[in-house]
Amino acid sequence: MSVDPGLRERREAVVRRHAEAENRHDVAATIATFHAPRYEVIAFGAVSDGPQAVHDLLAGLFTGFPDFKVEVRRTMHADDAIVAEIALTGTHQAEWAGIPATGKKIDLMSACIFDFDDDRLTCEKVYFDFATLLRQLGVMP
């Protein structure tokens, strides 16, 4: 099955708005890009399902990394998803995921799968190498 070019464009626009909202640290605007807010952070085995859970996940991330940024480097289209190669950067300035602030910078590549129902975003699945993140934070050799 091939995805209609108009549908591809609408989905890409959602992913762009989503990334822009994350880069502004605008939790409400990020949540608004979802039809059904849901993140799955695979490295943590964590699912944040629903507006409040997604709010808490993002607020914690933006507190822990006040200069957190995402850069969408590449996108690929599937029948019901966009797969994106994304660079994550930031400086760990406050406790995050149970890790006390280290003051260290991260520059981490991730793969994200944005699941869609037609042009409605239903989930972002985030994949990254947890060991690389821990090494960059200085909590693992």
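Here, the structure is the one placed above.
The rules we used
- Residues numbered from 1 in each chain as written.
- Predicted model: local features only at pLDDT ≥ 70, side-chain atom pairs only at ≥ 80, totals over all residues.
- Heavy atoms only, no water.
- Helix = DSSP H or I, 4+ residues; strand = E, 2+ residues; numbered from the N terminus.
- Buried < 20%, exposed > 50% of the residue type's maximum accessible area, 1.4 Å probe, protein only.
- Salt bridge = Lys/Arg side-chain N within 4 Å of Asp/Glu carboxyl O.
- Polar contact = N/O pair within 3.5 Å; in protein donor to acceptor, adjacent residues only side chain to side chain.
- Contact = heavy atoms within 4.5 Å.

Asks: Would you explain unusual backbone geometry in this entry?
Replies: Leaving glycine out, the prevailing phi sign among residues is negative, and the prevailing peptide bond configuration is trans. Phi at H25 takes a positive value of approximately 60°, unusual for a residue other than glycine. Structurally, H25 can be placed in the loop between α1 (5–24) and α2 (27–32). Judged by relative accessible area, H25 falls into the partly exposed class, the value being 22%. Unlike most non-glycine residues, A97 shows phi in positive territory, near 55°.

Asks: Even after reading the chapter, I still don't get the pattern of salt bridges, so can you show me in this structure?
Replies: Where charged atoms of side chains with opposite charge meet at close range, the side chains can pair. A complete count under the given rule lists eight salt bridges for this structure. Here E12 makes a salt bridge to R16, at a shortest N to O gap of 3.8 Å. One end of the pair is E12 and the other is R16, both in helix α1 and four residues apart, which spans about a single turn. One salt bridge connects D117 with R120, and the closest N-O pair in it is separated by 3.3 Å. Given the relative accessible area of 42%, D117 is considered partly exposed. A cluster of three or more residues bridged by salt bridges with shared partners is formed by R38, E40 and D49.

Asks: What should I look at first to understand the side chain of T30 in this one?
Replies: Examined against the element boundaries, T30 turns out to sit in helix α2. Within polar-contact distance, the side chain of T30 engages the backbone oxygen of D26 at 2.9 Å. Once residues lying within four places of it in the same chain are set aside, the contact partners of T30 are H18, A21, E22, Y39 and L58.

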